[in-house]
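Listed below, chain by chain, are the residues.
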Amino acid sequence: MSSTSSPLSAPEIVCVGETMALITPTDAALATAGHATIGIAGAESNVSAGVAATGHRVAWASRLGADPLGDRIASELERRGVELWVERDDTTPTGVMFKDPGVESSSVYYYRRGSAASRMEAGFLTPERLDGVRIVHTTGITPALSASCREMVDRLFADARTAGALVSFDVNDRRPLWSREDAAETLARLADAADITFVGRDEAERIWGTATAAEIRAFLPNCALLVVKDGDIGATAYDGDAEPVFVPAPVVDVVEPVGAGDAFASGFLAATLDGADLAARLSAGHAAAERVLLIAADLPALPPLD
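Attention in this report is confined to the structure presented alongside it. Residue positions are counted from 1 within each chain, in the order its sequence is given. With the structure being a predicted model, the display of local features is reserved for residues of pLDDT at least 70 and the display and counting of side-chain atom pairs for 80 or more, all residues being used for whole-chain, interface and lining totals. Where side-chain values are given, they derive from all heavy atoms of the structure, hydrogens and water being excluded.

### Observations regarding the packing of helix H7 (residues 260–273) against helix H8 (residues 278–293)
Which entries qualify depends on this criterion: Axis lines are fitted to C-alpha atoms, over the contacting stretch for helices. Their N-to-C directions set the angle, which ranges from 0 to 180 degrees. Working definition: helices are DSSP H or I runs of at least four residues, strands are E runs of at least two. Numbering for both runs from the N terminus. The handedness criterion is simple: a crossing whose near helix is rotated anticlockwise from the far helix by less than a right angle is left-handed, and one whose near helix is rotated clockwise is right-handed. Pairs of residues are marked as contacts when any of their non-hydrogen atoms sit within 4.5 Å. Ten residues, namely Ala, Val, Leu, Ile, Met, Phe, Trp, Tyr, Cys and Pro, are considered nonpolar, four, namely Asp, Glu, Lys and Arg, are considered charged, and the remaining ones, Gly among them, are considered polar.
One way to put it is that H7 packs onto H8 with a least axis distance of 7 Å and a crossing angle of 145 degrees. The two elements H7 and H8 meet at a crossing, and its hand is right-handed. Seen from H7, the contacting residues are Ala260, Ala263, Phe264, Ser266, Gly267, Phe268, Ala271 and Thr272; seen from H8, they are Leu278, Arg281, Leu282, Ala284, Gly285, His286, Ala288, Ala289, Val292 and Leu293. Grouping the constituent residues of the contact of H7 with H8 by class yields 12 nonpolar, five polar and one charged.

This is the structure:
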């Protein structure tokens, strides 16, 4: 596994999960488009880039194909200040995602089955590798990629704690990747076991039938810090048995909502590293999400390469 980190110190956060090449038409719908852009798409790398933008040390851990799309992803994340803990695989490809823009919403099409990242296995990151890391973050997308990825995430929770790190988990249900039954059981188990869990009120209702933040908390009683996001209404945090803290969302003229949840997590986690109180962490999450809601991309643009 290659890395740009120093052997004498560790990043503050490690984000673990798949990133794909993102193909987006620029002149028409996907079926008739003549031109498109190539970007990157991955919940965990979005979080890592967002945390890096605040000045904290962060690494992204995953697998990429030994192909030009893998090169593109690696270069883009390094440009954003993210350290790479990445294995390159010359037998399986980097995953690809196509976006089909629509008037009301965009559709997405995944080509990630059998990808390099789907071959992550239990023990991908050992306690020794995670020594000194403060937070290990992943999402519910990762266990949906393959049976070996599901086993990897289970081991990751244990190995992160052995290394002394907090486990952060964003439910991030992706309906095309697995059945509702598989998702409901696995996501509930992981969300309840994490030290910090992020979940959207709407996705929780969809997969678990929990309609309110209080019902979600009752459903996930063992998670130390539960953050329930409720779109443009706001976010509520439950820290142990303390009274919940609610911070309303700012009013935003939304361009596209994709990536806002990842941005929220990055702002919240960066403020957690800063030692901010719970209300300030929620506000930092809202501020980070707002910046992404105002653009038609998961991440803000960087200056072009010379």
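### Observations regarding the nonpolar core
Our working rule: For this analysis, a nonpolar core means a set of buried residues of the types Ala, Val, Leu, Ile, Met, Phe, Trp, Tyr and Cys, connected via side-chain atoms within 4.5 Å. Working definition: with a 1.4 Å probe on protein chains only, accessible area under 20% of the residue-type maximum means buried, over 50% means exposed, and in between means partly exposed.
Grouped together as the largest cluster of nonpolar side chains are 46 residues, with contacts concentrated most on Val14, Val16, Leu125, Leu130 and Trp208. If you list the elements that add at least two residues to this core, you get strand E1 (13–16), strand E4 (58–65), helix H3 (147–162), strand E9 (166–170), helix H4 (180–193), helix H5 (201–208), helix H6 (213–219) and strand E11 (225–230). In this structure, Val16 is in contact with Glu44, Ala61, Met120, Phe124, Leu125, Val136, His137, Thr138, Thr142, Met152 and Leu156, ignoring residues within four places of it in sequence. Ranked by size, the runner-up nonpolar core spans 35 residues in total, among them Cys15, Ala52, Ile135 and Phe268.

### Here's the deal with the sheet that holds strand E6 (residues 96–100)
Two orientations exist for strands paired in a sheet by backbone hydrogen bonds: parallel and antiparallel. Where we set the bar: At least two bridges found by DSSP between two strands is the condition for calling them paired.
The four strands are arranged E3-E2-E6-E7 in an open sheet whose pairing can be described as mixed. The open sheet is flanked by strand E3 (36–41) and strand E7 (107–111), the only strands paired with a single partner. With strand direction ignored, the average angle separating the axes of adjacent strands in the sheet is 25 degrees. Both E6 and E7 contribute to a ladder of five bridges, which runs antiparallel. Note that in E7 the partner of Phe98 across the bridge is Tyr109.

### What about the sheet that holds E4?
Taken in spatial order, the nine strands line up as E5-E4-E1-E8-E9-E10-E11-E12-E13 in an open sheet, and their pairing is mixed. Every other strand in the sheet has two partners, leaving strand E5 (83–89) and strand E13 (245–248) as the edge strands with one partner each. Looking at each pair of strands side by side, their axes are set apart by 15 degrees on average, direction ignored. Where E1 and strand E8 (residues 135–139) come together, three bridges link them in parallel fashion. Paired with Ile13 across the bridge in E8 is Ile135. Helix-sheet contacts for helix H2 (residues 68–79) involve E4 and E5, and the interaxial angle to E4 is about 170 degrees.

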